[in-house]
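Examining the three-dimensional arrangement
Here are the chains, one letter per residue:
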Amino acid sequence: QVQLVESGGGLVQAGGSLRLSCAASGGTFENHAMAWFRQAPGKEREFVAAVSRSGRTANFADSVKGRFTISRDNAKNTVYVQMNSLKPEDTAVYYCAARIDRGPLTTRASNYESWGQGTQVTVSS
């Protein structure tokens, strides 16, 4: 399994932007589909975005479509999520996740094999 470390979280005003990074180690990064999930206080963990091993296919939650983009740099073993037009409801701990790429991207957390420790994103109104 790969080990994942997120960074880039912080406090931002509504309408602002943040870019989260997730660095992978200990495995073959380019064999893994990567995803971001988030969990707000008192709520279940929810899917945000996913990207295929090649980076050519991506999937987004309806709540972030048009505002977030996901990308990866296989040479750097890193996946990113660029978050624009942030809203207070985007406030959550954001988690990076990885799974061996077996085909269609999945939005189910239980399908991902490796997880980072999370990074806090707080959007003030």
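As shown above, the structure is provided for reference.
Structural notes, computed from the coordinates. (Residues numbered from 1 in each chain as written. Predicted model: local features only at pLDDT ≥ 70, side-chain atom pairs only at ≥ 80, totals over all residues. Heavy atoms only, no water.)

This paragraph deals with the overall build of the chain. Within the chain, the regular secondary structure consists of 0 helices and 11 strands. Taken from the N to the C terminus, the helices and strands of the chain come in the order β-β-β-β-β-β-β-β-β-β-β. Over its C-alpha trace the chain gives a radius of gyration of 13 Å, about what one expects of a compact globule, namely 14 Å for 125 residues. Principal-axis analysis of the C-alpha atoms gives the chain an extent of 40 × 25 × 25 Å. Summarising the internal contacts of the chain: among those between residues at least 6 apart in sequence, 60% fall at separations of at least 24. Just so you have it, the chain exposes about 6,200 Å², and 45% of that area is on carbon and sulfur atoms. Each charge class in the chain was averaged separately, 14 positive and 10 negative side chains, and the resulting centres sit 3 Å apart. (Helix = DSSP H or I, 4+ residues; strand = E, 2+ residues; numbered from the N terminus. Rg over C-alpha atoms; globule rule 2.2 N^0.38 Å. Contact = heavy atoms within 4.5 Å. Areas by Shrake-Rupley, 256 points an atom, 1.4 Å probe, with all protein chains shown as cover. Lys, Arg positive; Asp, Glu negative; His and termini not counted. Charge placed at Lys NZ, Arg CZ, Asp CG, Glu CD.)

Taking strand neighbours across the sheet as the criterion, the 4 strands line up as E1-E3-E8-E7 in an open arrangement whose pairing is antiparallel. Looking at strand neighbours, the two that pair on one side only are strand E1 (3-7) and strand E7 (68-73), the edges of this open sheet. Between one strand and the next, the sheet's axes are offset by a mean angle of 15°, whatever the strand orientation. Where strand E3 (residues 18-25) and strand E8 (residues 78-83) come together, 6 bridges link them in antiparallel fashion. Looking at E8, one finds that serine 21 is bridged to tyrosine 80. (Pairing = 2+ DSSP bridges. Axes fitted to C-alpha atoms, helices over the stretch in contact; angles between N-to-C directions.)

Our next topic: the environment of methionine 83. In this structure, methionine 83 sits in strand E8. Between the C-alpha atom of methionine 83 and that of arginine 19, which follows or precedes it by 64 residues, the distance is 5.9 Å. Setting aside residues up to four positions removed in sequence, methionine 83 forms contacts with Gly16, Ser17, Leu18, Leu20, Arg67, Phe68, Tyr94 and Val121.

Take the nonpolar core next. One finds Leu4, Met34, Trp36, Phe68, Val79, Met83 and Tyr94 to be the most contacted residues of the largest nonpolar core, which totals 37 residues. Among the secondary structure elements, those contributing two or more residues to this core are E3, strand E4 (32-39), strand E5 (46-51), E7, E8, strand E9 (92-100) and strand E11 (119-124). Setting aside its immediate chain neighbours within four residues, leucine 4 contacts Cys22, Ala23, Ala24, Met34, Cys96, Ala97, Ala98, Ser114, Trp115, Gly116 and Gln117. (Core = buried A, V, L, I, M, F, W, Y, C linked by side-chain atoms within 4.5 Å. Buried < 20%, exposed > 50% of the residue type's maximum accessible area, 1.4 Å probe, protein only.)

Of note in this structure, asparagine 77 is not a glycine but carries a positive phi near 55°. Given the relative accessible area of 25%, asparagine 77 is considered partly exposed. Backbone geometry places serine 85, a non-glycine residue, at a positive phi of 50°. According to the relative accessible area criterion, serine 85 is partly exposed, its value standing at 41%.

Bringing the pattern of salt bridges into the picture now. Under the defined criterion, the tally for this structure stands at 5 salt bridges. Of the charged contacts, one joins aspartate 62 and lysine 65 as a salt bridge, the two residues approaching to 3.1 Å between their closest N and O atoms. Of the residues examined, aspartate 62 reaches a relative accessible area of 65% and is grouped as exposed. In this structure, the salt-bridge partner of arginine 102 is glutamate 113, at a minimum N-O distance of 2.8 Å. (Salt bridge = Lys/Arg side-chain N within 4 Å of Asp/Glu carboxyl O.)

Any functional reading would require information beyond the geometric quantities listed.
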